[in-house]
Amino acid sequence: MTGLSYLLLNAPKKYYFGYSWYDIPPKDPIPGIENSVSIIKSLIHDLVKQNEQLDYEDIFLAGFSQGGCVSLETAYQLEHKLGGIVLMSPRIYPERLPQGLSKCLRETDIFCAHGTNDPVIDINQTKAGIDHINKLGASSEFYQYEMEHDIDIDEIMQLRLWLNERL
């Protein structure tokens, strides 16, 4: 038994056979991103407020693709250190990159992984976003895998090592 609790969220918007955190271009993604960040921030604050045994540093934000985007965008705004942030093949919008770091980004370790053959989200854009926040002082590790817009077993194994160092 790990002693861990997991809260897996569905994105707020119905999207074909699943859910979406925001509209994809050519529609404007920004309103949906901002709405999703608001939902996640509110949930985090409520969880900590309602559970005296839970602190912000006990929380890990994680997401794949749009979920990774929303996790990072949430970290742009949080003024609390978290346990960690996990980004798997995230879209990072260059125009939304911060010019300064929130307390969350200054103090929380970030794991980012992306596929070298991803036809959906350009690995170079993701890497440039991670490089940008690292230059500002964030602490993130970037891993690339020979895969498309997917999750790979080697990625999971590396993530497990990264998480175990922080638990």
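> Help me understand the sheet that holds strand β3 (residues 60–64) in this model?
Paired through their backbone hydrogen bonds, the strands of a sheet run either parallel or antiparallel. One open sheet accounts for four strands, arranged β3-β4-β5-β6; its pairing is parallel. Each of the sheet's edge strands pairs with one partner strand only, and the pair in question is β3 and β6 (139–145). Going across the sheet, the axis of each strand differs from the next one's by a mean of 10 degrees, ignoring polarity. Direction of pairing for strand β5 (residues 109–115) relative to β6: parallel, over a ladder of seven bridges. Note that in β6 the partner of His114 across the bridge is Gln144. Of the strands in this sheet, β3 and β4 (84–88) touch helix α2 (residues 66–77), which is tilted by about 145 degrees from β3.

> In this structure, what is going on with the packing of aromatic side chains? I would like to understand it.
The geometry of two aromatic rings is summed up by the distance between their centres and the angle between their planes. Using the criterion set out here, one finds five aromatic pairs in the structure. Both rings, one in Tyr15 and one in Tyr16, keep their centres 4.8 Å apart while their planes meet at 80 degrees; by these two values the pair is edge-to-face. Take Tyr15: its relative accessible area is 38%, and that puts it in the partly exposed class. An aromatic cluster is present here, built from Phe60, Phe111, Tyr143 and Trp162 joined pairwise through their rings.

Conventions adopted
Residues numbered from 1 in each chain as written. Predicted model: local features only at pLDDT ≥ 70, side-chain atom pairs only at ≥ 80, totals over all residues. Heavy atoms only, no water. Pairing = 2+ DSSP bridges. Helix = DSSP H or I, 4+ residues; strand = E, 2+ residues; numbered from the N terminus. Axes fitted to C-alpha atoms, helices over the stretch in contact; angles between N-to-C directions. Contact = heavy atoms within 4.5 Å. Phe/Tyr/Trp six-rings, centres within 6.5 Å; stacked < 30°, edge-to-face > 60°. Buried < 20%, exposed > 50% of the residue type's maximum accessible area, 1.4 Å probe, protein only.

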